[in-house]
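# Commentary on secondary and tertiary structure
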Amino acid sequence: MTGSRPAVRPARPFFSSGPCAKRPGWTAEALKGAALSRLHRSAFGRAKLKEAIDRTRRVLELPAGYRIAVVPASDTGAMEMAMWQLLGPKPVDAFTWESFGEDWVTDVFKQLKIKDSRIIRAPYGELADLSQADPKHDAVFVWNGTTSGVRVPNGDWIASDREGLTICDATSAAFAMELPWDKLDVVTFSWQKALGGEGAHGMLVLSPRAAARLESYCPPWPLPKIFRLTKGGKLMEGTFEGETINTPSMLCVEDWLDTLKWAESIGGLRGLYTRVEANFNALAAWVEESNWVDFLARDASFRSPTSVCLKITDPWCASMPEAARADTVKKLAGLLEKEGVAYDIAGHRNAPAGLRIWCGATVERADLEALTPWLDWAYAQVKSQTRAAA
Ligand SMILES: Cc1ncc(COP(=O)(O)O)c(C=O)c1O
């Protein structure tokens, strides 16, 4: 029994976990005011960059005293710039439970070799034991593990009177879930994630404590110009006012401004969170009913509402070796792509074989509701065809 092909298709089949769907209604018209063919340091170019910073601050409801910079090389650039400049004076507690957390562990241990550091690790689907955080240490972690769909539930485990800095990669969390700013000293994200902006640039948010570390500590290793935020021991304040370190894409800047204006038009953070929740609930309702998938994230308390990762529980697939399961997922995702109903929903290459469906605010709930019958249909197709071929 393979079921009949569903009648309704998602209007926008974009469920990738980055670059994520553009905001509803986006067309290239949104870019027409871009400061193209202009020096980014001209008054016009600078004003655009400053507006990108100021609007980001307003939409995120950042506390006073926090600085924001537009930096090169997306979220990775922002994270590595922070780690290379700030780490060293204290041991690091590196929390990891999926692929991107592992990248930062590599930086802390293999590249920077920060002495007396600790790895606090959990397997895919679980959350690392955050209670092990030592307030005397620096901490490095992702807020939302995009490749496992496991996120930090809250900031209660971070001491308000900590001595160390908390360095948080929030690229698939910012604009989609509550972030306890008073507990976070460095927050990074990229434009291509939760608001469906373009790849290329990252944003670096610094608390006053992180800024103070930058001015009081000079790492012993060389720092490429692309990472430098200080000059003569002082913060380069212009960087936080729109003077970028090197040349940005003014097309990407315009796109970021467009998506921030959309975020404002739907009620800012509250409006964004409401959309994320509605999207997640639509998909979760189907998962609860499904007899062939379940969440990879074991516990609802740490389940991501944005990068929703699913494992196949149907014994036919679940009992296969990993490579055969990966092949099944590939066929399933390939069929849905061919039908034009879902793009890019196979799980991350480093994660256990499964599906990953983005439920962030730029996705429409109706499209997720239209997608779920297609998931059932495609799985039944793949199962019956694979069995017939065996
Ligand atoms: C948690 C997390 N960190 C880092 C990255 C890398 O981001 P970028 O490619 O924007 O540097 C990603 C990308 O998906 C991510 O999800």
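Here, every reference points to the structure presented above.
If you're wondering where the values come from, they're calculated on a predicted model, not measured in any experiment.

Attention now moves to the packing of helix H6 (residues 268–289) against helix H9 (residues 365–389). In helix packing, the relevant descriptors are the interaxial angle and the interaxial distance, both defined with respect to the helix axes. Packing of H6 against H9 brings their axes to within 9 Å, and their N-to-C directions diverge by 20 degrees. With respect to H9, the axis of H6 lies roughly parallel. Like other packed secondary-structure pairs, H6 and H9 cross with a definite hand, here right-handed. Of the residues in H9, those touching H6 at Ala278, Asn279, Ala282, Leu283 and Trp286 are Arg365, Leu368, Glu369, Thr372, Leu375 and Asp376. Counted by class, the contact of H6 with H9 contains 6 nonpolar, 2 polar and 3 charged residues.

A few words now on the sheet that holds strand E12 (residues 293–295). The strand order across the open sheet formed by 3 strands is E12-E13-E14, and the pairing between neighbours is antiparallel. Two strands in the sheet have a free side with no partner beyond their single neighbour: E12 and strand E14 (355–358). The sheet shows a mean angle of 35 degrees between the axes of neighbouring strands, taken without regard to direction. Relative to strand E13 (residues 307–312), E12 is paired through 3 bridges, and the arrangement is antiparallel. Paired with Phe295 across the bridge in E13 is Leu310. In this fold H6 packs onto E12, E13 and E14, with an angle of close to 130 degrees to the strand it touches most, E12.

This part covers unusual backbone geometry. The amide bond that connects Gly18 to the next residue, Pro19, takes the cis arrangement and shows omega of -5 degrees. By the element assignment, Pro19 lies in the segment before helix H1 (43–60). With a phi angle near 65 degrees, Asp344 is a residue other than glycine that sits in the positive phi range. Looking at the element boundaries, Asp344 is found in the loop between helix H8 (322–338) and E14.

Grouped together as the largest cluster of nonpolar side chains are 128 residues, with contacts concentrated most on Trp97, Phe141, Trp143 and Phe175. Counting residues per element, this core draws most heavily on H6, at 9 residues. If we ignore the near neighbours within four places in the chain, the residues touching Phe175 are Thr56, Val59, Leu60, Phe189, Ala194, Leu195, Trp256, Leu260, Leu269, Leu272 and Tyr273.

Its 13 residues place the ends of helix H2 (residues 74–86) 18 Å apart at the C-alpha level, agreeing with the 18 Å of an ideal helix rising 1.5 Å per residue. Burial analysis of H2 places 11 of its 13 residues in the buried class, the great majority of the element. Gly88 lies just past H2 and shows a positive phi near 135 degrees.

Within the open sheet, the 7 strands sit side by side as E1-E9-E8-E7-E4-E2-E3. Their pairing is mixed. Unpaired on one side and paired on the other, strand E1 (67–72) and strand E3 (118–121) mark the two borders of the sheet. Pairs of neighbouring strands in the sheet enclose a mean axial angle of 15 degrees, with direction left out of account. Against the sheet, H2 contacts E1, strand E4 (138–142), strand E7 (166–169), strand E8 (186–190) and strand E9 (201–206), and its axis sits at roughly 155 degrees relative to E8.

With 18 residues, H1 should reach 26 Å at 1.5 Å per residue; the first-to-last C-alpha distance of 25 Å fits that figure. Listed in full, the buried residues belonging to H1 are Gly45, Lys48, Leu49, Ala52, Ile53, Arg55, Thr56, Val59 and Leu60. Along H1, the residues classed as buried sweep out an arc of 170 degrees about the axis, all on the same side. Exposed and oriented more than 90 degrees from the buried face of H1 are Ala43 and Arg58. Packed against the buried residues of H1 are E1, E8, E9, helix H5 (250–265) and H6. Glu61 lies just past H1 and shows a positive phi near 55 degrees.

The rules we used
- Residues numbered from 1 in each chain as written.
- Predicted model: local features only at pLDDT ≥ 70, side-chain atom pairs only at ≥ 80, totals over all residues.
- Heavy atoms only, no water.
- Axes fitted to C-alpha atoms, helices over the stretch in contact; angles between N-to-C directions.
- Helix = DSSP H or I, 4+ residues; strand = E, 2+ residues; numbered from the N terminus.
- Parallel < 35°, antiparallel > 145°, perpendicular 65-115°, else oblique.
- Left-handed = near helix turned anticlockwise from the far one by under 90°.
- Contact = heavy atoms within 4.5 Å.
- Nonpolar A, V, L, I, M, F, W, Y, C, P; charged D, E, K, R; others polar.
- Pairing = 2+ DSSP bridges.
- Core = buried A, V, L, I, M, F, W, Y, C linked by side-chain atoms within 4.5 Å.
- Buried < 20%, exposed > 50% of the residue type's maximum accessible area, 1.4 Å probe, protein only.
- Expected span 1.5 Å × (residues − 1).
- Arc of directions from axis to C-beta.

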